[in-house]
Amino acid sequence: MKIFFKTYGCQMNVHDTEVMKGLLVNSGHTIVTELKTADLVVINTCAVRGKSENKVYSLIGRLKKGGYKVGITGCVAQAMSNKLKNYDVEFIIGTRAITSIIKAVEGTKKIDLEDHICEVNATTPALRRQKKHAWVNIIAGCDKFCTYCIVPYTRGRELSRPLEDIVDEVKSLASQGYNQVTFLGQNVDSYGKDMDNTSLAKLLEISQRIEGIERFWFLTSYPSDVTTKLIDTVAKYPKLSKNFHIPAQSGSNRILKKMNRRYSRSEYLELVNEIRSKVEGSTIGGDIIVGFPTETDEDFEETLSLVKAARYIRLNVAPYSPRFGTVASKFYPDDVPYEVKKIRIAKLASLQHDIEKSLNEKSVGQEVEIMIEGNSAGRSYGRTIDNRMVFVNDKIPEGEILKVRLTAFKSGTLYGQIRKVSVFAK
Ligand code: SAH
Ligand code: SF4
Ligand code: F3S
């Protein structure tokens, strides 16, 4: 079979696609990159907002009109299977059943929403998008049940992978020539809570000793699960990313409580301060939801002031979208008009624009180390250890580590000039 994948959603979904592709290639199928050459289209779906879910139904419609066979995997498959059954699709495979993709494609499984995520381990093949930077899921699911969020219903309960299995995978990646690894989880810092004597800090400490991998990233951290041990570990080892992605979601204590986020505004800002004071050169990223039910102008002002204080290097802002089955959608009417949400998004975007401008302009003139992530239009771009993308005018292969001098910050982009190619480059 010739299969084309269309992937929506977060890094977790992107990596699940890599695993499904690996499994399929291993059993003799072909992954195609041009839609028109495909026998079957797999849509790996996201349900986090109404908009992401609706994209799936409209894409199914368009593909069916074009005469394609379509299979559905991911979060919509898991949580909206009843609705999907009304569509003409070949199969519906849930988030913890990705190993069933072979049977699904071969026509011997039509639906699988069971949990056999344990079958995915260090020996599972994956066809990764990048040649030098590998993503590795270390914990499945989410136990937090924020009142707005569908993820606990689409991804199930938290389950950490055995530490030895992850370490084996990292070693194998190093032997295949990868030199960057990103550890993934909805709450990556919950890793190991369901085990004895295991934590993200411990995993990072052990992993960074593995020869060949020069950088480790971890995404996404739940603010109140970031431990002092984790911060100290990140501060101590040079190969560990100095970026913490810690979504606050709101700056108002009243809204945070209603969202079932397990920290207050001041606890959050204390965490930001602890990271900044202990981790030299650290940067912080965040997510905000605007227009959560009952959010007033005063609540929103609190969010603006939190964003001002946190000084994020990157911020994702989303309008609240009621999700089927969640506490908020059952009990709190979506009472903030869309127009108001749009105004709040614009205010945050403008504030964040100024913060990023000032943070980045301050760094112009500095010398930093970047690792090349890719090329576009004759230029290459690489990331600093604090997770900033820098463009250089030369074409450099992925994975090279370079010293660059930051020369300008223009229209949201940092530019650099190469100083010298590092010793790690092959
Ligand atoms: N585990 C991460 C986030 C996972 S979902 C955390 O706890 O922060 C990714 C982002 O989608 C969230 O950070 C949130 O900002 C957004 N999101 C989730 N549910 C949403 C909803 N119902 N409406 C709007 N945005 C939502
Ligand atoms: Fe969703 Fe909250 Fe879990 Fe993040 S922590 S995935 S926002 S329920
Ligand atoms: Fe979307 Fe599922 Fe990720 S809902 S954000 S693809 S966990």
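Residues numbered from 1 in each chain as written. Chains lettered and ligands numbered in written order. Predicted model: local features only at pLDDT ≥ 70, side-chain atom pairs only at ≥ 80, totals over all residues. Heavy atoms only, no water.

A. The packing of aromatic side chains, seen in detail. In total, this model carries 11 aromatic pairs according to the counting rule given. Ring plane angle 65° and centroid distance 5.9 Å describe the contact between Tyr222 and Tyr263, whose orientation is recorded as edge-to-face. With Tyr222 in the loop between strand 11 (215-219) and helix 9 (228-236) and Tyr263 in the loop between helix 10 (253-258) and helix 11 (265-278), this pair connects stretches of sequence that are 41 residues apart. Just as Tyr222 is buried, Tyr263 falls in that class too. Between Phe292 and Tyr320, the ring centres sit 5.3 Å apart and the planes meet at 75°, which makes this aromatic pair edge-to-face. Of this pair, Phe292 sits in the loop between strand 13 (283-290) and helix 12 (297-310) while Tyr320 sits in the loop between strand 14 (314-319) and helix 13 (327-331), and the two are 28 residues apart along the sequence. (Phe/Tyr/Trp six-rings, centres within 6.5 Å; stacked < 30°, edge-to-face > 60°. Helix = DSSP H or I, 4+ residues; strand = E, 2+ residues; numbered from the N terminus. Buried < 20%, exposed > 50% of the residue type's maximum accessible area, 1.4 Å probe, protein only.)

B. Highlighting the pattern of salt bridges. According to the stated counting rule, one finds 25 salt bridges in the structure shown. Close ionic contact of Glu169 with Arg128 constitutes a salt bridge, the shortest N to O distance being 3.0 Å. Here Glu169 is found in helix 7 (residues 163-175), whereas its partner Arg128 is found in the loop between strand 6 (111-112) and strand 7 (133-137), with 41 residues between them in sequence. For the pair Glu169 and Arg128, a shared accessibility class is recorded, and that class is buried. (Salt bridge = Lys/Arg side-chain N within 4 Å of Asp/Glu carboxyl O.)

C. Expanded view of the domain arrangement of the protein chain. One can read the domain layout of the protein chain as domain 1 (2-118), domain 2 (130-241), domain 3 (249-363) and domain 4 (364-423). For domain 1 versus domain 4, the separation of C-alpha centres amounts to 35 Å. (Domains from an automatic or database assignment.)

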